[in-house]
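Architecture and fold: a report
Chain residues, written in single-letter form:
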Amino acid sequence: MRWNNLISVAAKEKIAFGALFFITLFILAPVVVVLWIIFKNGISAINWEFLTAMPKEGMRAGGIFPAIVGTLYLVVGATVCSLPLGILAAIYLSEYAKENALTRLINLAIVNLSGVPSVVYGLFGFSLFVVFLKFGASIVAGSLTLAIMNLPVIITSTRESLKAVPDYFREVGLSLGASRWQTVRHAVLPFALPGILTGTILSIARAAGETAPILFTVAAFYIPHLPHSVFDQAMALPYHLYIIATQIPNIPNSYRYGTALVLILMVLLMNLVAIIIRSKFRRKYKW
Amino acid sequence: MEHNVCFSVRDLDIRFGAVHALHRVSCDIARNGILGAIGPANSGKTTFLRALNRLNETQDNYRMSGSILLEGRDINKDFKPEGLRRRVGMIFALPMPLPLSIYENIAFGPRRQGINDKRRLDAAVEESLRSAFLWEEVKDRLKSAATKLSGGQQQRLCIARTLAVKPDVILFDEPCSGLDPISTAKVEESMVVLKKKYTIVLVTNNTKQAARVSDRVAFFLMGDLIEEDVTDRIFTSPKDKRTEDYIVGKFG
Amino acid sequence: MRRFKEFIIEKLVFLSGILVILFVCLIFVFLLKEGLSFFKDVKLSAFLLGKYWYPISEPPRFGILPLILGSLFVTLGAVLFAVPLSIGAAFYVAEIAPARIRDFLKTGIEILASIPSVVLGFVGMITLVPWIKAIFHVPTGLTALAGSIMLGFMAMPTIISISEDAITAVPRQYKEGSIALGATRWQTMYRVTIHAAKPGIIAACMLGVGRVIGETMAVMMITGNAAVIPRTFLQPVRTLTATIAAEMGEVVHGSAHYHALFSIGIILFLITFMINITADFFLHRVRTK
């Protein structure tokens, strides 16, 4: 009887573990399927002209060059604005802030910023940058909106990386007569850099794929030329995909898949770089 | 006697939040000698040590009263923390090289003082390594990672790194707690040589070590400085019963 | 000179910390600035409980009940679908999978998290939507169900990774104690570990919900966007986020409709604010334990 019981317990465990394995597989299988569908149907559309030409015939022919360029502009703009601010804020929180009400308030603000829906960022960007500051729908307005949206991601990952640097590094720095800032700059920051880099790249990848925040702040339906200044509207890859997928009938499907493929390759490439940096430095710095 | 005093500690009282770590401690620390601070865990000896270079300040809830004079100047009022720490160096319990090269570990202090001239740095690195008896062992691989050295070598590297800042005082916080007997002997040997040029305060859990290297010994217990005297007298005829109990190993 | 430079840098560092608070206030103020004037003409109750969203008819009607219910339907479906699966997967990744497979799975989950929502929406349009139409014999596959499934997948990375952290953070003594008493690993998981990790798992689910409610593009592309009060999952619905995204482009600046969209923004802001604060509270309990 007891023996019987034992078998059933062991069998239960086997069944449970098997079920959990299939659940995990079930979640990840669609990832492979999605990537495969896009790759299989999109690869035929990709050629030199598709990547470097202007759209033609109401976007039913030609290329997606201005959308690629627009996305690059936005991503660079957003990173330039959010990276210094995010890193400095994380340094404040990790290295300077004391346990007090102000710090709790800042943490609360970060939690809140990271939860604001992307479309609400779009509304905010529209009312502040486009209307109130009179930037109009422009690359500046879009970049700044994306930058604020990215800020909590950069702060959080940078702070984690700084906290992962052991306290004794700080004590050693101080004990060798370095000032507080010198200690942060020379005994902490260099060793947090791989983590900061990883987090930053992931946040850039996210910004590159975002559509809702740029809907009303920068994105143009169709512009037959590249933007001349940062106060111009621009096309962007994710918005372009949205447009050709839902608003324009009779586009060859390969164009849609091709656009999706370019977008996803951009995003995955950045993720890949981040993953490589992380695994490389995880081996190098062990403490 | 007066002109030979390096640190003069008066009524030093330290709290970390609700924890009362040190109770109105007063003592003088003589120049060019080794003061060994002994006592069981949580006796306040490390807190005392870290008060001497103001490293306790990194804790949020730290509060202190009383005064510490370094050659007549109040370390909490007349010094900037980094200025003080350049004169009062510290060696930690575990060898803690930064994950940089041997060379860069030692150049860390000088560089922070604005010395970037390669020849001056080279000279400082060599001199410090020689003083810490490490030069011969590492002179051919200054560019390799400091973390690849053995534990004993790492601790001597940390001593060299501190010497490169050119301090007057060196604080040792249980410097041999992670080392084997041979490495310990080497570190102790270097301490005895170093005291000719530097004032040394050594916190140790190892009473025998204090007996071997110290000129004077201070015994701490539960935040109080019980007594401080010449090493021989502490070990042969302590005034306080608790000191005697600790030394013969009744507790701690 | 150096001291002056450091002084400036340390002030900048402090200022950057403060700026984060300023941004949250800015967002809220600008939403209020554009949204509050709407309530001069329309009562809050009529806005929240009105059954009809006809913003451009004459006279316009601004009831967002169908939109709220639309969001609720889609979210509910996504949660029912995603939560059990995600917790299961989190356990598999954290406790069962061998180290090499674990890294592989985690990378897969990261990739799922990184696929842009517009791409998922697009793929959903051409795969999921026709499947639903064919399987359930409904006139259109653009339904709440499609949205729920898609959003479920989008919430999974959040729920899995935060739950996994919570599970890994359970002190090993708990688990070993249970094993020592003769429990199997599986019994330990569902009797001991899951209880110890509960606050973290709850926080993970809440953050997943926050993600689902705020999600815009995929939902707009596959739920059909019909602003009617939904009765089943096999009906088109329109969410709060999709309404803003779809109508903001064509709205007359300064009109009641324009202000109404910002009011929806305020509501979304408040909902996610509360969800995140609560989740943070639970996460904090994990850390202080």
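Residues numbered from 1 in each chain as written. Chains lettered and ligands numbered in written order. Predicted model: local features only at pLDDT ≥ 70, side-chain atom pairs only at ≥ 80, totals over all residues. Heavy atoms only, no water.

**A look at the side chain of C:H259**
Residue and element names in this part refer to chain C. Secondary-structure assignment places H259 in helix α13 (residues 256-288). Looking at H259, the relative accessible area reads 14%, which means it is buried. If we ignore the near neighbours within four places in the chain, the residues touching H259 are E34, G35, S37, F38 and G254. (Helix = DSSP H or I, 4+ residues; strand = E, 2+ residues; numbered from the N terminus. Buried < 20%, exposed > 50% of the residue type's maximum accessible area, 1.4 Å probe, protein only. Contact = heavy atoms within 4.5 Å.)

**Digging into the packing of aromatic side chains**
As enumerated under the stated definition, the model contains 32 aromatic pairs over all chains in all. Their ring planes at 40 degrees and their centres at 5.7 Å tell us that B:F16 and B:Y62 sit as a pair that is tilted. With B:F16 in strand β1 (residues 5-16) and B:Y62 in strand β4 (residues 62-70), the pair connects residues that are 46 residues apart, well separated along the chain. Each member of the pair, B:F16 as well as B:Y62, carries the same accessibility label: buried. A centroid spacing of 5.1 Å and a plane angle of 55 degrees characterise the contact between C:Y258 and C:F262, whose relative ring orientation is tilted. Of this pair, C:Y258 and C:F262 are both found in helix α13, four residues apart, which corresponds to roughly one turn of the helix. C:F262 shares its class with C:Y258; the two are buried. Lying over the aromatic face of B:F108, B:R112 brings its terminal NZ or CZ to 4.8 Å of the ring centre. In this structure, B:K143 packs its charged tip against the face of B:Y103, placed 4.1 Å from the ring centre. (Phe/Tyr/Trp six-rings, centres within 6.5 Å; stacked < 30°, edge-to-face > 60°. Lys NZ or Arg CZ within 6 Å of the ring centre and 35° of its normal.)

**Details of the sheet that holds strand β8 (residues 199-203) of chain B**
Residue and element names in this part refer to chain B. Pairing is mixed across the open sheet formed by six strands, whose spatial order is β6-β7-β8-β3-β9-β10. Strands with a single pairing partner mark the edges of an open sheet, and in this sheet they are β6 (88-91) and β10 (224-230). The mean angle between the axes of side-by-side strands here comes to 15 degrees, regardless of whether they run parallel or antiparallel. Two strands pair when backbone bridges link them, and strand β3 (residues 34-38) and β8 are joined in this way by four bridges, in the parallel orientation. Bridge assignment links G36 to a residue of β8, and that residue is L202. (Pairing = 2+ DSSP bridges. Axes fitted to C-alpha atoms, helices over the stretch in contact; angles between N-to-C directions.)

**Section: the UniProt feature "domain: ABC transmembrane type-1" (unreviewed entry) in chain C**
Here, the residues flagged by UniProt with the feature "domain: ABC transmembrane type-1" (unreviewed entry) are residues 68-279 of chain C. The span residues 68-279 of chain C carries 78% helix and 0% strand; its end-to-end C-alpha distance comes to 22 Å. (UniProt positions renumbered as here; feature names shortened; annotations may be inferred.)

**What to know about unusual backbone geometry**
Residues and elements named next belong to chain B. The phi angle at R54 is positive, at roughly 55 degrees, despite the residue not being glycine. Relative to the helices and strands, R54 resides in the loop between α1 (45-52) and β4. Since its relative accessible area comes to 10%, R54 is described here as buried.

**A closer look at the packing of helix α3 (residues 65-96) of chain A against helix α9 (residues 237-246) of chain A**
All names here are of chain A. It is the contact of α3 with α9, at a shortest axis distance of 8 Å, that shows an interaxial angle of 140 degrees. Judged on the interaxial angle alone, α9 and α3 are oblique. When α3 is examined against α9, the residues A67, I68 and T71 are found in contact with a partner set consisting of L237, P238 and H240. Classifying every residue of the contact of α3 with α9 gives four nonpolar, two polar and no charged. (Parallel < 35°, antiparallel > 145°, perpendicular 65-115°, else oblique. Nonpolar A, V, L, I, M, F, W, Y, C, P; charged D, E, K, R; others polar.)

**Considering the sheet that holds strand β5 (residues 73-74) of chain B**
Residues and elements named next belong to chain B. Read across the sheet, four strands follow the order β2-β1-β4-β5 without closing on themselves; strand pairing throughout is antiparallel. Pairing within the sheet leaves two strands with one partner each, and these edge strands are β2 (19-30) and β5. Relative to β4, β1 runs antiparallel, the two sharing eight bridges. If you follow F16 over to β4, its bridge partner there is Y62. Contacting β1, β2 and β4, α1 runs over the sheet at an angle of about 120 degrees to β1.

**A short note on the domain arrangement of chain C**
All names here are of chain C. Split by domain assignment, chain C resolves into domain 1 (2-36) and domain 2 (67-288). Each of domain 1 and domain 2 has a C-alpha centre, and the two are 31 Å apart. On the side of domain 2, eight residues touch domain 1, which itself brings eight residues to the contact. Summed over both partners, the interface of domain 1 with domain 2 comes to about 720 Å²; 77% of that surface belongs to carbon and sulfur atoms. Taken as a group, F28, L31 and E34 account for 67% of the area that domain 1 buries against domain 2, more than any other trio of residues on that side. Applying the counting rule to domain 1 against domain 2 returns zero salt bridges. (Domains from an automatic or database assignment. Buried area = accessible area lost by both parts, 1.4 Å probe. Salt bridge = Lys/Arg side-chain N within 4 Å of Asp/Glu carboxyl O.)

**Structural notes on the side chain of C:S114**
Its location among the elements puts C:S114 in helix α4 (residues 99-114). For C:S114, a relative accessible area of 14% translates into the label buried. Within polar-contact distance, the side chain of C:S114 engages the backbone oxygen of C:I111 at 2.9 Å. Other than its neighbours up to four places away in sequence, C:S114 contacts A:V267, A:L268 and A:N271. (Polar contact = N/O pair within 3.5 Å; in protein donor to acceptor, adjacent residues only side chain to side chain.)

**So, the interface of chain A and chain C**
Opposite the 74 residues of chain A that make contact, chain C presents 78 residues. For the pair chain A and chain C, the summed buried surface comes to about 6,700 Å²; carbon and sulfur atoms form 83% of the total. Three residues stand out in chain A for area buried against chain C, namely A:F17, A:I27 and A:L123, and they jointly supply 9% of the buried area on that side. For the interface between chain A and chain C, the tally reads one salt bridge. Residues C:E110 and A:R278 are paired through a salt bridge, measuring 3.2 Å at the closest nitrogen-oxygen approach. For the interface between chain A and chain C, the tally reads six residue pairs in polar contact (both at pLDDT 80 or more). If you list the elements that add at least two residues to the side of chain A that touches chain C, you get α1 (2-42), α3, α4 (101-115), α5 (118-132), α6 (139-164), α8 (180-209), α9 and α10 (253-284) of chain A. Here the element with the most residues in the side of chain A that touches chain C is α1(A); it accounts for 18 residues. Of the residues assigned to the side of chain A that touches chain C, the class counts are 58 nonpolar, eleven polar and five charged.

**Notes on the pairing of β3(B)**
On any regular strand, side chains alternate: one points to one face of the sheet, the next to the other face. All names here are of chain B. The buried fraction of β3 amounts to five of the five residues, a majority that puts the element mostly inside the structure. Side chains I34, G36 and I38 of β3 all project onto a buried face; the interleaved residues L35 and A37 project onto the opposite face, where all are buried too. Pairing analysis gives four bridges linking β3 to strand β9 (residues 216-221), with the strands arranged parallel. Looking at β9, one finds that L35 is bridged to R216.

**Considerations on the environment of B:W135**
Residue and element names in this part refer to chain B. Along the chain, the position of W135 falls in helix α5 (residues 135-138). Note on W135: relative accessible area 12%, which makes it buried. Sequence separation of W135 and K148 is 13 residues, and the distance between their C-alpha atoms is 16 Å. Those residues in contact with W135, other than ones at most four positions away along the chain, are E126, L129, R130 and L142.

**Side note on the state of the cysteines**
Residue and element names in this part refer to chain B. Within this structure, the stated rule accounts for zero disulfides over all chains. Unpaired in this structure, C27 has its nearest cysteine sulfur neighbour in C6, at a distance of 11 Å. The exposure class assigned to C27 is buried, which follows from its relative accessible area of 7%. (Disulfide = S-S within 2.5 Å.)

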